[in-house]
Amino acid sequence: MSVIVKNLHKIYKRPIKEKGLKGSIKEFFKRKYEKVHALKGISFEVERGEILGFVGPNGAGKTTCMKILSGVLHKTEGYVNVLGFDPFKREKEFLKKITFVMGLEGFLEEVVWDISARDGFLFIKDLYEIDDKKFNQNFNEMVEILDVKDILDVPVRKLSKGQKMRLELIASLIYNPICLFLDEPTLGLDIISQKNIRDFIKYYVEKNNAICILTSHYMRDVEELSDRLIVINEGEIIYEGSPEGAIEKFSGKKIIKFTLKNEKDKSRIKEEKFKIIEDEGVYKILINKEDVLKVSKNLINNFEISDLTIEEPELEEVLRDVFESS
């Protein structure tokens, strides 16, 4: 069983509104539409036991694709098969095998806001017809791993983002789905909570030989979890392969990292033509490999540098550069 996508297209109709009162009156009597081609013939497959990182800028088509795979949206054209099912039919057996997590917009957040997570889990048990033995085994294991025992009886609305996300993961996985669609699962969480969520996702996929398709703007999620990476932009796949391969393909860049000795130089460095990122006193320049020597000499000759290193860029920096220049 796997996820198969062939020549997938999705076209939306979006209303066109003219400006001003005249435009509003026209729209009331005769609305005009334009076509938006969100997905343009993408194809890929994901096998059991694999985590696929699915990344791209906002509006690239990531969430649209995930919604089609989970049956929330219907495709315009192409072939989609998830675990042997046509997702859009939303058959009961299909729904028992998949889960779709969108940040904090989960079951507990939407349905059991004013009651405890424990009661929410019992509701899911009845909804998915989970037998007592399987439910108790999954529940106890996940509660221990995600360390949520002390918050099970607290109303969901009173919990922090990190606490809610850990509980949402339990709610999404307690019925043992084998296909996980995770759309920004660590969105808005602190660094420790992000790591806890990543560790649990990896554990779950390995234990259950599950399929996971993951989108995230946090490249640490993608780098630590993904066996394979798809980069999508404007509805088209522009790369498929390893995260390391993406750096090699798109980069052609180096990172110059340096620190400055005095405050005067910290003001002057902002006047340089390079795009400089400052993080807790460490300055970074993403630059073409062929310009490294020239830029390094310029920095050393014109500023009091206390430390300077030249490094390979991280995936986040590479993809940001690709999308900003496209």
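What comes next concerns the included structure. Sequence order as written defines residue numbering, which begins from 1 separately in each chain. Whole-chain, interface and lining totals are the exception, using all residues; otherwise, since this is a predicted model, local features are given only for residues with pLDDT of at least 70 and side-chain atom pairs are given and counted only at 80 or more. Side-chain metrics rest on all non-hydrogen atoms present in the structure, leaving aside hydrogens and water.

### Considerations on the overall build of the protein chain
- Numbered from the N terminus, helices here are DSSP runs of H or I no shorter than four residues, and strands are runs of E no shorter than two. Summing up its helical and strand segments, the protein chain has 13 helices and 13 strands in all.
- Over its C-alpha atoms, taken along the principal directions, the protein chain stretches across nearly 70 × 55 × 45 Å.
- Here the term buried applies to any residue with accessible area under 20% of the maximum for its type, exposed to any over 50%, and partly exposed to those in between, with areas from a 1.4 Å probe on protein chains only. Classification of the 326 residues of the protein chain by burial places 45% in the buried group.
- Surface summary for the protein chain: the accessible area is close to 17500 Å², and the carbon and sulfur share equals 49%.
- Charge convention: Lys and Arg are scored as positive, Asp and Glu as negative, and His as well as the terminal groups of each chain are ignored. We put the charge of a Lys on NZ, of an Arg on CZ, of an Asp on CG and of a Glu on CD. Charge centroids of the protein chain, computed over 54 positive and 57 negative side chains, lie 6 Å from each other. With residues, only the protein chains shown are counted as cover, and all accessible areas are computed by Shrake-Rupley using a 1.4 Å probe.

### Things to note about the environment of Arg-268
- On the secondary structure map, Arg-268 appears in helix 11 (residues 263-268).
- Distance in space between the C-alpha atoms of Arg-268 and Phe-123 is 61 Å, their sequence separation being 145 residues.
- Two residues form a contact once any of their heavy atoms are found within 4.5 Å. Beyond its immediate stretch of four places on either side in the chain, Arg-268 contacts Asn-302 and Phe-303.
- A distance of 2.8 Å separates polar atoms of two side chains, one belonging to Arg-268 and the other to Asp-265. Here a polar contact is taken to be a pair of N or O atoms separated by no more than 3.5 Å, where protein atoms must pair a possible hydrogen donor with a possible acceptor and residues adjacent in sequence count only if both atoms sit in side chains.

### Digging into the pairing of strand 9 (residues 236-241)
- By the bridge criterion, five bridges tie strand 8 (residues 228-233) to strand 9 in an arrangement that is antiparallel. Paired with Ile-232 across the bridge in strand 9 is Ile-237.
- At least two bridges found by DSSP between two strands is the condition for calling them paired. In this antiparallel pair of consecutive strands, strand 8 and strand 9, the connection spans two residues, and Glu-234 shows a positive phi of 50°.

### Some remarks on the packing of helix 7 (residues 161-173) against helix 8 (residues 191-208)
- In contact at an axis separation of 10 Å, helix 7 and helix 8 are set at 15° when each is read in the N-to-C sense. The pairing of helix 7 with helix 8 is recorded here as roughly parallel in orientation. In the packing of helix 7 onto helix 8, the handedness of the crossing is right-handed. Facing Gly-162, Met-165, Arg-166, Leu-169 and Leu-173 of helix 7, the residues of helix 8 in contact are Ser-193, Ile-197, Phe-200 and Tyr-204. Note on geometry: axes are C-alpha line fits, over the in-contact stretch for helices, and angles between N-to-C directions span 0 to 180 degrees. Working rule for angles: under 35 degrees goes down as roughly parallel, over 145 as roughly antiparallel, 65 to 115 as roughly perpendicular, anything else as oblique. Left-handed describes a crossing whose near helix is turned anticlockwise from the far helix by less than a right angle; the clockwise case is right-handed.

### Description of the nonpolar core
- Only buried Ala, Val, Leu, Ile, Met, Phe, Trp, Tyr and Cys residues count toward a nonpolar core, and they belong to the same one when joined by side-chain atoms within 4.5 Å. Grouped together as the largest cluster of nonpolar side chains are 38 residues, with contacts concentrated most on Leu-108, Phe-121, Val-148, Leu-167, Ile-170, Ile-174 and Cys-212.
- Secondary-structure elements contributing two or more residues to this core are helix 5 (117-127), helix 6 (132-146), helix 7, strand 6 (179-183), helix 8 and strand 7 (211-215).
- The greatest single-element share of this core, amounting to six residues, is contributed by helix 7.
- Beyond its immediate stretch of four places on either side in the chain, Ile-170 contacts Phe-121, Met-142, Val-143, Leu-146 and Val-148.
- Counting 27 residues, the second-largest nonpolar core is a separate cluster that includes Phe-44, Ile-178, Cys-179 and Ile-232.

### Considerations on the state of the cysteines
- A pair of cysteine sulfur atoms is labelled a disulfide when the two atoms are within 2.5 Å. By the definition in use, this model includes zero disulfides.
- In this structure Cys-212 is not part of a disulfide, and its nearest cysteine sulfur, from Cys-179, lies 8.4 Å away.

### With respect to the pattern of salt bridges
- The salt bridge definition used is simple: a Lys or Arg side-chain nitrogen within 4 Å of an Asp or Glu carboxyl oxygen. Per the counting criterion, the structure on display carries 15 salt bridges.
- For Lys-207, the salt bridge goes to Glu-141, with nearest N and O atoms at 2.6 Å. With Lys-207 in helix 8 and Glu-141 in helix 6, the pair connects residues that are 66 residues apart, well separated along the chain.
- Owing to a relative accessible area of 43%, Lys-207 belongs among the partly exposed residues under this scheme.
- Glu-223 is the partner of Arg-220 in a salt bridge, and the nearest nitrogen-oxygen pair spans 3.7 Å. In this pair, Arg-220 and Glu-223 are both assigned in helix 9 (residues 219-225), three residues apart and thus about one turn of the helix distant.
- Put simply, Glu-50, Arg-228 and Glu-240 are held in one network by salt bridges that share partners.

### Quick word on the sheet that holds strand 13 (residues 305-311)
- One open sheet holds the four strands; their spatial order is 11-12-10-13, and the pairing between them is antiparallel. Looking at strand neighbours, the two that pair on one side only are strand 11 (276-279) and strand 13, the edges of this open sheet. Neighbour-to-neighbour, the strand axes of this sheet turn through a mean angle of 25°, independent of strand direction.
- The sheet contact formed by strand 10 (residues 253-260) and strand 13 spans six bridges and is antiparallel. Note on strand 13: the bridge partner recorded for Leu-260 is Ile-305.
- Packed onto the sheet, helix 12 (residues 292-302) meets strand 10, strand 12 (282-288) and strand 13 and runs at close to 170° relative to strand 13.

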